[in-house]
Amino acid sequence: MPDYYTKLLELRRAEGSAHGLSKLPVDFYPATRGYLADLKTTFETELRENPSGRKGELARQTHQRAVQTARDIVEARMMKILTAALQASLGGSRDLPNALPEERTLHESLLGYLRQHRADVAPYLESSPPVPASAKRSGGAGPRPPAEPASVRASAGLEGTTAPGSVVRVLKDTPKVALGAESIELRRDDVLSLPADVAKLLIESHVVEPVKLQDRFSPPPA
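Residues numbered from 1 in each chain as written. Predicted model: local features only at pLDDT ≥ 70, side-chain atom pairs only at ≥ 80, totals over all residues. Heavy atoms only, no water.

Quick word on the overall build of the protein chain
- What the protein chain contains, in helices and strands, is six helices and five strands.
- Beginning at the N terminus, the succession of helices and strands in the protein chain can be written as α-α-α-α-α-β-β-β-β-α-β.
- When burial is assessed residue by residue, the protein chain has 35% of its 222 residues classed as buried.
- By sequence separation, contacts in the protein chain at least 24 residues apart represent 67% of the contacts at least 6 residues apart.
- A total of about 13400 Å² of accessible surface is found on the protein chain, and carbon and sulfur atoms cover 56% of it. (Helix = DSSP H or I, 4+ residues; strand = E, 2+ residues; numbered from the N terminus. Buried < 20%, exposed > 50% of the residue type's maximum accessible area, 1.4 Å probe, protein only. Contact = heavy atoms within 4.5 Å. Areas by Shrake-Rupley, 256 points an atom, 1.4 Å probe, with all protein chains shown as cover.)

Structure (structure tokens):
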């Protein structure tokens with residue numbers, strides 16, 4: 001039987017180095033659940049029969065490391081799927097190469113939720129998608145224009161918002177996103193309004209940071 005733990009390590013390395021979703025075995029999720037369940041049964045049985053035995057302790061440690069490795073893979077892919085769904089909700093492509101069936105279901109659910117949220121709270125955006133002031137338009141030549149001060153972008157992004165928890169500032173550049181007939185590239189310090197649960201996940205993943213409404217009215221430092 002192949003060493004599945006070694007396989008998990010290889011898959012984690014591949015996932016970490018891939019910009020999009022890396023290629024996984026089609027049975028990754030059930031196979032990983034089965035492997036971890038077998039490991040848990042093994043170390044629990046060994047420890048019951050011989051609490052001081054080395055075999056049981058090794059199995060327990062392997063189980064802990066395998067769980068962490070699998071968690072890294074799953075959470076990295078969830079983050080990529082969330083980002084892809086957000087971009088698709090803004091008019092980008094719905095393609096999701098290398099996604100497993102379970103992940104395509106997640107992507108479609110997120111996409112539906114994001115589009116519905118946009119239609120419910122900001123129907124006026126459907127006819128005129130917003131382009132952040134600092135976004136780079138496709139087809140442009142020459143150097144990137146200087147970024148606006150964060151306070152300027154924050155003020156523009158906060159107009160019309162009522163939920164402080166959904167206003168966030170981008171911490172790093174993102175890939176291009178298609179918006180209708182053109183593309184934009186969100187840059188660090190852009191300010192966006194997102195659904196509260198989506199914003200929370202992105203904040204926990206250190207992709208964005210929250211922007212407080214009072215920041216809009218705070219005087220600049222002397």
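A word on the environment of alanine 99
- Its place among the elements puts alanine 99 in the loop between α3 (54-89) and α4 (101-121).
- Accessibility expressed as a relative area gives 11% for alanine 99, which makes it buried.
- Those residues in contact with alanine 99 that lie beyond four places of it in its chain are Leu21, Arg77 and Arg104.

Some details on the nonpolar core
- Ranked by size, the top nonpolar core spans 14 residues in total, and within it Leu8, Leu24, Phe28, Tyr35, Ala66 and Ile73 carry the most contacts.
- Element by element, the count of residues in this core is highest for helix α2 (residues 28-49), at five residues. (Core = buried A, V, L, I, M, F, W, Y, C linked by side-chain atoms within 4.5 Å.)

A few points about the packing of helix α1 (residues 4-17) against α3
- Closest axis-to-axis distance for the α1/α3 pair is 9 Å, and the angle between their directions is 30 degrees. As summarised for this structure, α1 and α3 are arranged roughly parallel, according to the angle between their axes. Viewed along their axes, α1 and α3 form a crossing whose handedness is left-handed. Counted together, Tyr5, Leu8, Leu9, Leu11, Arg12 and Glu15 of α1 and Arg65, Ala66, Thr69, Asp72, Ile73, Ala76, Arg77 and Lys80 of α3 form the full contact between these two elements.
- In the contact of α1 with α3, the residues fall into seven nonpolar, one polar and six charged. (Axes fitted to C-alpha atoms, helices over the stretch in contact; angles between N-to-C directions. Parallel < 35°, antiparallel > 145°, perpendicular 65-115°, else oblique. Left-handed = near helix turned anticlockwise from the far one by under 90°. Nonpolar A, V, L, I, M, F, W, Y, C, P; charged D, E, K, R; others polar.)

What to know about the sheet that holds strand β4 (residues 191-193)
- Taking strand neighbours across the sheet as the criterion, the three strands line up as β4-β1-β5 in an open arrangement whose pairing is antiparallel. Strands at the two margins of the open sheet, each flanked by one partner only, are β4 and β5 (208-210). In this sheet, neighbouring strand axes are inclined to one another by 35 degrees on average, regardless of whether the strands run parallel or antiparallel.
- Here strand β1 (residues 167-170) runs beside β4; their pairing, made up of three bridges, is antiparallel. (Pairing = 2+ DSSP bridges.)

Points about α4
- Over its 21 residues, α4 extends 31 Å from the first C-alpha to the last, a length consistent with the 30 Å expected when each residue adds 1.5 Å.
- Every buried residue of α4 is accounted for by Glu103, His107, Leu111, Leu114 and Arg118. Each buried residue of α4 lies within a common arc of 75 degrees when the element is viewed along its axis, so the set occupies one face. Away from its buried face, by an angle of more than 90 degrees, α4 presents the exposed residues Thr105 and Asp120. (Expected span 1.5 Å × (residues − 1). Arc of directions from axis to C-beta.)

Concerning the pattern of salt bridges
- The full count for this structure, using the stated rule, is seven salt bridges.
- Across the pair arginine 77 and glutamate 15 runs a salt bridge whose closest N-O atoms are separated by 2.6 Å. Pair noted here: arginine 77 is in helix α3 and glutamate 15 is in helix α1, with a separation of 62 residues, a long-range link. The pair formed by arginine 77 and glutamate 15 is uniform in burial state, with each residue classed as buried.
- Close ionic contact of arginine 77 with glutamate 103 constitutes a salt bridge, the shortest N to O distance being 2.6 Å. Taken together, the positions of arginine 77 in helix α3 and glutamate 103 in helix α4 put the pair 26 residues apart, joining distant regions of the chain. In terms of burial, arginine 77 and glutamate 103 fall into one category: buried. (Salt bridge = Lys/Arg side-chain N within 4 Å of Asp/Glu carboxyl O.)

Digging into the environment of threonine 62
- When you line up the elements, threonine 62 lands in helix α3.
- Counting along the chain gives 23 residues from threonine 62 to leucine 39, while the straight-line C-alpha distance between them is 7.8 Å.
- Beyond its immediate sequence surroundings of up to four residues, threonine 62 is in contact with Tyr35 and Leu39.
- Only 2.9 Å separates the side chain of threonine 62 from the backbone oxygen of leucine 58, close enough to count as a polar contact. (Polar contact = N/O pair within 3.5 Å; in protein donor to acceptor, adjacent residues only side chain to side chain.)

Re the environment of valine 208
- Within the secondary structure, valine 208 is located in strand β5.
- Taking C-alpha positions, valine 208 is 6.0 Å from valine 168, a pair spaced 40 residues apart along the chain.
- Among residues more than four places away in sequence, those in contact with valine 208 are Val168, Arg169, Val170, Leu171, Ala199, Leu202 and Ile203.

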